[in-house]
Amino acid sequence: MDAHPAVTASEARTLLARAERLSRSAHDATRWPYITFIVALGVATSMGTFAMALATGDAFALAYVGTLAVTFALLLFFVISIQGRAAFARSRRWTAYIAAWFASYAIALAVVIWAHGSVLLAGVASGVVLLVSLVCAAREARS
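The shown structure was predicted, so the numbers you read here are calculated from the model rather than taken from an experiment.

1. Comments concerning the overall build of the protein
And then number 1: Counting secondary structure elements, the protein contains 4 helices and 0 strands.
And then number 2: Looking at the protein residue by residue over its 143 residues, the buried ones come to 29%.
And then number 3: Partitioning the contacts of the protein with sequence separation of at least 6, the portion at a separation of at least 24 is 84%.

2. Brief notes about the layout of surface pockets
And then number 1: Its volume calculated, the largest pocket comes out at about 170 Å³.
And then number 2: Taken together, T45, M52, F60, Y64, T67, L68, T71, W101, Y105, L109, V112 and I113 make up the full set of residues lining the largest pocket.
And then number 3: Taken together, the elements giving at least two residues each to the lining of the largest pocket come down to α1 (9–54), α2 (57–81) and α3 (92–114).
And then number 4: Residue composition of the lining of the largest pocket, grouped by class: 9 nonpolar, 3 polar and no charged.

3. Concerning a nonpolar patch on the surface
And then number 1: There is a patch of nonpolar side chains on the surface, built from Y64, V65, L68, F72 and L75 and spanning about 470 Å² of accessible area.
And then number 2: If you trace the backbone, F72 turns up in helix α2.

4. A word on the packing of aromatic side chains
And then number 1: Tallied over the entire structure, the rule returns 9 aromatic pairs.
And then number 2: Between F37 and F78 the ring centres are 4.3 Å apart and the planes differ by 25°, which places this aromatic pair in the stacked class. Taken together, the residues span a long stretch of sequence, with F37 in helix α1 and F78 in helix α2 at a distance of 41 residues. Here F37 and F78 have matching classes, each one buried.
And then number 3: Summarising the aromatic geometry, the rings of W101 and Y105 are spaced 5.2 Å apart at their centres and angled 10° between planes, so their arrangement reads as stacked.

5. As for α3
And then number 1: Taking 1.5 Å as the rise per residue, α3 with 23 residues should run 33 Å; its terminal C-alpha atoms sit 33 Å apart, in good agreement.
And then number 2: Considered for burial, the residues of α3 that qualify are W94, Y97, W101, S104, Y105, A108, V111 and V112.

6. A look at the packing of α3 against helix α4 (residues 119–142)
And then number 1: Running from N to C, α3 and α4 point in directions that differ by 175°, and their axes come no closer than 8 Å. Our classification of the angle between α3 and α4 gives roughly antiparallel. On α4, the residues touching R93, Y97, A100, W101, S104, Y105, A108 and V111 of α3 are L121, A122, A125, V128, V129, V132, S133, C136, R139 and E140.
And then number 2: Taken together, the residues that form the contact of α3 with α4 break down as 13 nonpolar, 2 polar and 3 charged.

7. Thoughts on the pattern of salt bridges
And then number 1: Throughout the structure, instances matching the rule amount to 1 salt bridge.
And then number 2: One salt bridge connects E140 with R93, and the closest N-O pair in it is separated by 2.8 Å. Placement of the pair is E140 in helix α4 and R93 in helix α3, with a sequence separation of 47 residues.
And then number 3: Judged by relative accessible area, which is 1%, E140 ranks as buried.
And then number 4: Look at R93 and you get partly exposed, because its relative accessible area is 27%.

8. Quick look at α2
And then number 1: Between the first and last C-alpha of α2 there are 36 Å, a value that for 25 residues agrees with the 36 Å anticipated at 1.5 Å per step.
And then number 2: Regarding α2, the residues found buried are A63, T67, T71, L74, F78 and S81.

9. Thoughts on the nonpolar core
And then number 1: Counting 25 residues, the largest nonpolar core has Y34, F37, I38, M52, F78, W94 and W101 as the members making the most contacts within it.
And then number 2: Taken together, the elements giving at least two residues each to this core come down to α1, α2, α3 and α4.
And then number 3: Top contributing element to this core by residue count: α1, with 8 residues.

Reading the values: the criteria
- Residues numbered from 1 in each chain as written.
- Predicted model: local features only at pLDDT ≥ 70, side-chain atom pairs only at ≥ 80, totals over all residues.
- Heavy atoms only, no water.
- Helix = DSSP H or I, 4+ residues; strand = E, 2+ residues; numbered from the N terminus.
- Buried < 20%, exposed > 50% of the residue type's maximum accessible area, 1.4 Å probe, protein only.
- Contact = heavy atoms within 4.5 Å.
- 1 Å grid on protein atoms, 1.4 Å probe; cavity = no way out; pocket = protein on both sides within 12 Å on 5 of 7 lines; lining within 4 Å.
- Points joined across faces, edges and corners; volume = space filled by probe spheres on them.
- Nonpolar A, V, L, I, M, F, W, Y, C, P; charged D, E, K, R; others polar.
- Patch = residues over 30% accessible without salt bridge, like charges linked within 9 Å, V, L, I, M, F, W, Y side chains within 5 Å.
- Areas by Shrake-Rupley, 256 points an atom, 1.4 Å probe, with all protein chains shown as cover.
- Salt bridge = Lys/Arg side-chain N within 4 Å of Asp/Glu carboxyl O.
- Phe/Tyr/Trp six-rings, centres within 6.5 Å; stacked < 30°, edge-to-face > 60°.
- Expected span 1.5 Å × (residues − 1).
- Axes fitted to C-alpha atoms, helices over the stretch in contact; angles between N-to-C directions.
- Parallel < 35°, antiparallel > 145°, perpendicular 65-115°, else oblique.
- Core = buried A, V, L, I, M, F, W, Y, C linked by side-chain atoms within 4.5 Å.

Here it is in C-alpha cells:
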C-alpha cells in the first residue's frame, strides 16, 4: 500500500544536508528582527538619555518625548515584524537580553536624575546602554 523506495546512504546525507540548510536559513530569518530591535533600542535610548542628561527646560522635554516616541515606534515595529515568530521572544536568552538592557538603562536614568548636566557621566552611562545592546545583538547574531 505505502511502498517507499529504499534511500541510499548518499541520498540520506544529501537530504540531511538540505534539511540543515533550510533549518539554518529559517532560524536566521527569524532572528534578524530581534537583532535589529535590540540594536535600535540601544541606540535610541542611549542617545535619548544622553540628551536628557544635558538638556534643561523645553530641550529636556523634547528629548524625553522624542525618546518615548521612538521607543514606542520601535516596539510597534517589533511586534508587527515578529508576528508568527514570537516563540523566541519568550525564551530565556531574549529575557536575559532585555533584562541586561533594562539594568543598563536604569543606571543611565539614575545618572540623568542625580548627575544632571555632567557630560562625563552622561557619556559613560549612555555608552554603557549602547555597549550592552550591541553585545546582546552580537551574541544573538553569532548563535
